[in-house]
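Examining the three-dimensional arrangement
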Amino acid sequence: MTRPDWPAYFLGIAGAVSRRADCSRRQVGAVLVSPDQQIIGTGYNGTPVPKMPGCLDGACPRASSDVPPGAPYDSGPGKCIAVHAEDNALRHNATRYPGHSPAGAIMYVTSWPCDGCVTLMTAAGISRAVWPGGEILLG
């Protein structure tokens, strides 16, 4: 048996996290990892408030629309109520470690991050984002 390298290990965990997603169209998971390989936050795409009705409950306008994938998420019939996995991982870190900056951490995510999440991660001081088949250096 061979051990997975760190990226494969954390991407596997991100895959497990993605299965909690509250979206009928796409399940994304994220794992925020400190520079010393410790998990400091996880997140999946879903409602911004725990127990809030979400996509799987029929509460998301995008889920019941016929907008094509890639259509704008912020307005119109394709408006989505979910928070992205990367955002939720950063919020998880802030809740668990108030006042602790995730500067220098790595975000492992099951899919390439959107432009908004790249901006969010850059502002938080994340050093890079890694997804299956790719990565980007931030900041």
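Preceding block: the structure.
No experiment lies behind these values; they were computed from the predicted model shown.

Okay, the overall build of the protein next. Scanning the protein for helices and strands turns up three helices and five strands. Mapped in sequence order, the helices and strands of the protein form the string α-β-β-α-β-α-β-β. Relative to the globule expectation of 14 Å for 139 residues, the C-alpha radius of gyration of the protein, 15 Å, shows essentially globular dimensions. Taking the principal axes of its C-alpha atoms as reference, the protein extends roughly 45 × 40 × 25 Å. Buried positions account for 38% of the 139 residues belonging to the protein. Taking contacts inside the protein between residues at least 6 apart in sequence as the whole, the part at least 24 apart equals 48%. For the protein, the exposed area adds up to about 7,900 Å²; of that, 58% sits on carbon and sulfur atoms. Each charge class in the protein was averaged separately, 11 positive and 10 negative side chains, and the resulting centres sit 6 Å apart.

On to the layout of surface pockets. Empty space within the largest pocket amounts to approximately 610 Å³. Residue composition of the lining of the largest pocket, grouped by class: 13 nonpolar, four polar and six charged. There is about 430 Å³ of room inside the second largest pocket. Forming the walls of the second largest pocket are 19 residues, and the residues nearest its centre are Y44, G46, T47, V49 and P50. Looking at the lining of the second largest pocket, the elements that each hand over two or more residues are β2 (39–44) and α2 (85–96). It is β2 that contributes the most residues to the lining of the second largest pocket, three residues altogether. Among the residues making up the lining of the second largest pocket, the classes are represented as seven nonpolar, seven polar and five charged.

Judged by nonpolar contacts, the single largest core of 16 residues is most densely connected at A30, L32, L90, M107, M121 and I126. If you list the elements that add at least two residues to this core, you get β1 (29–33), α2, β3 (106–109), α3 (115–124) and β4 (128–131). Among the elements that take part in this core, α2 stands out by supplying three residues, more than any other. Not counting the four nearest positions on each side in its chain, A30 is found in contact with A14, V17, G41, T42, G43, A85, E86, A89, M107, Y108 and V109. Grouped together as the second largest cluster of nonpolar side chains are eight residues, F10, A14, I106 and V130 included.

What counts and what doesn't
Residues numbered from 1 in each chain as written. Predicted model: local features only at pLDDT ≥ 70, side-chain atom pairs only at ≥ 80, totals over all residues. Heavy atoms only, no water. Helix = DSSP H or I, 4+ residues; strand = E, 2+ residues; numbered from the N terminus. Rg over C-alpha atoms; globule rule 2.2 N^0.38 Å. Buried < 20%, exposed > 50% of the residue type's maximum accessible area, 1.4 Å probe, protein only. Contact = heavy atoms within 4.5 Å. Areas by Shrake-Rupley, 256 points an atom, 1.4 Å probe, with all protein chains shown as cover. Lys, Arg positive; Asp, Glu negative; His and termini not counted. Charge placed at Lys NZ, Arg CZ, Asp CG, Glu CD. 1 Å grid on protein atoms, 1.4 Å probe; cavity = no way out; pocket = protein on both sides within 12 Å on 5 of 7 lines; lining within 4 Å. Points joined across faces, edges and corners; volume = space filled by probe spheres on them. Nonpolar A, V, L, I, M, F, W, Y, C, P; charged D, E, K, R; others polar. Core = buried A, V, L, I, M, F, W, Y, C linked by side-chain atoms within 4.5 Å.

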